[in-house]
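Per-entry structural report
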Amino acid sequence: MMANRSGGINTVLAFLLGAALVGLAVLGYLYYDATQRDVVKIDVPGFKGELKKDR
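Residues numbered from 1 in each chain as written. Predicted model: local features only at pLDDT ≥ 70, side-chain atom pairs only at ≥ 80, totals over all residues. Heavy atoms only, no water.

Notes on the overall build of the chain
- Counting its secondary structure elements, the chain contains one helix and two strands.
- Moving toward the C terminus, one meets the helices and strands of the chain in the order α-β-β.
- Counting every position in the chain, which comprises 55 residues, the buried fraction comes to 5%.
- Taken as a whole, the chain presents about 5,200 Å² of accessible surface, with 65% of it coming from carbon and sulfur. (Helix = DSSP H or I, 4+ residues; strand = E, 2+ residues; numbered from the N terminus. Buried < 20%, exposed > 50% of the residue type's maximum accessible area, 1.4 Å probe, protein only. Areas by Shrake-Rupley, 256 points an atom, 1.4 Å probe, with all protein chains shown as cover.)

Below, the structure written as C-alpha cells:
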C-alpha cells in the first residue's frame, strides 16, 4: 500500500475501518427500517391478509 510514507498504512487502515463502520451502520439502518414497518394483520373467516405501511 502506502508503506513508503511514515504512518501511511495507519492512514489507509483507519480509512478502511471507517468505511467498514459506515457501511455497517447503513446496512443496520436499512435492516431496522425494513423490519420495523407497521404491519396490520387481517384474520377474518374467509379472508386473510396483511397491510404494510410504506412511506
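Structural notes on a nonpolar patch on the surface
- Taken together, the side chains of Val 22, Val 26, Leu 27, Tyr 29, Leu 30 and Tyr 32 present a nonpolar region at the surface, about 640 Å² in accessible area.
- On the secondary structure map, Leu 27 appears in helix 1 (residues 8-35). (Patch = residues over 30% accessible without salt bridge, like charges linked within 9 Å, V, L, I, M, F, W, Y side chains within 5 Å. Salt bridge = Lys/Arg side-chain N within 4 Å of Asp/Glu carboxyl O.)

Some remarks on the confidence of the model for the chain
- Here the chain averages 78 in pLDDT, while 75% of its residues score no lower than 70.
- Ranking the elements of the chain by mean pLDDT puts strand 2 (residues 47-52) last with 70 and helix 1 first with 90. (pLDDT = per-residue confidence, 0-100.)

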